Amino acid sequence: MRRSKSIAAVLCLAVLAAIAGCGGEKKAEENAAASSAQITPGQLTDQIIKMAAQPEIYSQTAERHILTDQLASMGPATLAPLIDYMAAPDTPATARLFILQCVNTHLTPVYIANLKPMIESKEEVTRAVGVMALGHIKNETVAQLLTMARKDPSPRVSFSALSGLVMQGDPAARAEMKQLYTSGATVGDIKVEDVKREVVRV
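**With respect to the overall build of the protein chain**
Part 1 of the argument: Helix and strand content of the protein chain: 13 helices and zero strands.
Part 2 of the argument: Secondary structure elements of the protein chain, listed N to C terminal, follow the sequence α-α-α-α-α-α-α-α-α-α-α-α-α.
Part 3 of the argument: Counting the 202 residues in the protein chain, one finds 48% classified as buried.
Part 4 of the argument: By sequence separation, contacts in the protein chain at least 24 residues apart represent 67% of the contacts at least 6 residues apart.

**Remarks on the pattern of salt bridges**
Part 1 of the argument: Counting across every chain of the model gives six salt bridges.
Part 2 of the argument: Between Arg96 and Glu123 there is a salt bridge, and its shortest N-O distance comes to 3.2 Å. Separated by 27 residues along the polypeptide, Arg96 in helix H7 (residues 93-103) and Glu123 in the loop between helix H8 (112-119) and helix H9 (124-135) bring together distant segments of the chain.
Part 3 of the argument: Residue classification places Arg96 among the buried residues on the basis of a relative accessible area of 2%.
Part 4 of the argument: Salt-bridge contacts for Asp194 lead to Arg197; the nearest nitrogen and oxygen are separated by 2.7 Å. With Asp194 and Arg197 both in helix H13 (residues 192-201) and three residues apart, this pair spans about one turn of that helix.

**Section: the packing of aromatic side chains**
Part 1 of the argument: All chains considered together, the criterion is met by zero aromatic pairs.
Part 2 of the argument: The cationic tip of Arg64 hangs over the ring face of Phe98; the distance from NZ or CZ to the ring centre is 4.6 Å.
Part 3 of the argument: A cation sits over an aromatic face here: Lys196 above Tyr181, 5.1 Å from the ring centre.

**Looking at helix H12 (residues 171-183)**
Part 1 of the argument: The end-to-end C-alpha distance of H12, which contains 13 residues, comes to 18 Å, matching closely the 18 Å that a straight helix rising 1.5 Å per residue would cover.
Part 2 of the argument: Looking at the buried residues of H12, the elements they touch are helix H11 (155-167) and H13.
Part 3 of the argument: The backbone nitrogen of Ala172 lies 2.9 Å from a side-chain oxygen of the residue at the head of H12, namely Asp170.

**Comments concerning the environment of Ala128**
Part 1 of the argument: Locating Ala128 in the fold gives a position in helix H9.
Part 2 of the argument: Linking Ala128 and Arg156, residues 28 residues apart in sequence, is a C-alpha distance of 6.6 Å.

**Focus: the confidence of the model for the protein chain**
Part 1 of the argument: The share of residues in the protein chain with pLDDT of 70 or more is 82%, and the mean pLDDT across the chain is 85.
Part 2 of the argument: Per-residue pLDDT, averaged within each element of the protein chain, yields its smallest value for helix H1 (residues 2-20) (49) and its largest for helix H3 (residues 41-52) (97).
Part 3 of the argument: Confidence drops under pLDDT 50 across residues 17-28; counting only partners more than four residues distant or on other chains, this segment forms 24 contacts.

Conventions we followed
Residues numbered from 1 in each chain as written. Predicted model: local features only at pLDDT ≥ 70, side-chain atom pairs only at ≥ 80, totals over all residues. Heavy atoms only, no water. Helix = DSSP H or I, 4+ residues; strand = E, 2+ residues; numbered from the N terminus. Buried < 20%, exposed > 50% of the residue type's maximum accessible area, 1.4 Å probe, protein only. Contact = heavy atoms within 4.5 Å. Salt bridge = Lys/Arg side-chain N within 4 Å of Asp/Glu carboxyl O. Phe/Tyr/Trp six-rings, centres within 6.5 Å; stacked < 30°, edge-to-face > 60°. Lys NZ or Arg CZ within 6 Å of the ring centre and 35° of its normal. Expected span 1.5 Å × (residues − 1). Polar contact = N/O pair within 3.5 Å; in protein donor to acceptor, adjacent residues only side chain to side chain. pLDDT = per-residue confidence, 0-100.

In structure tokens:
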């Protein structure tokens, strides 16, 4: 019972993390850009993963986004090691969410293969984060994967897939999301206010 409550709390955080995206940082970390001018992709990846291990310290700073921006600019698939770390079965849920917040605006179809193991995971948290990540990639293959994820037995995974389909431009998904807002319906154990916040976001 305690573990299920913990998972529910993490999944609630997952929804809010996707809503928050990369916003909310109040402090610009100019030193991060300066100190990382000559850094390699591997070093950047290691630094971001170290930050992910301490989300209570780094989640409210801009430094992680500065480093991720730089890593993404180094090549078309340089974020793959971060996504593979996010997908690894032994990665803590909080670290997965941290990485998702870093990479979500940089995701492209190149990373679909890296994300697929997440949505095929037996673990609910992993599937939810993977589905949220895929939702940021506008692509026909992604739309098909999200449509399949809508049938997931977890309400949170299914709801994340619905959000992703709205971002893909699916009119039926958009209508369903609007209905959720106007009816004030809950989705599983997601609070009504969190459902409405996600509807407004997408």
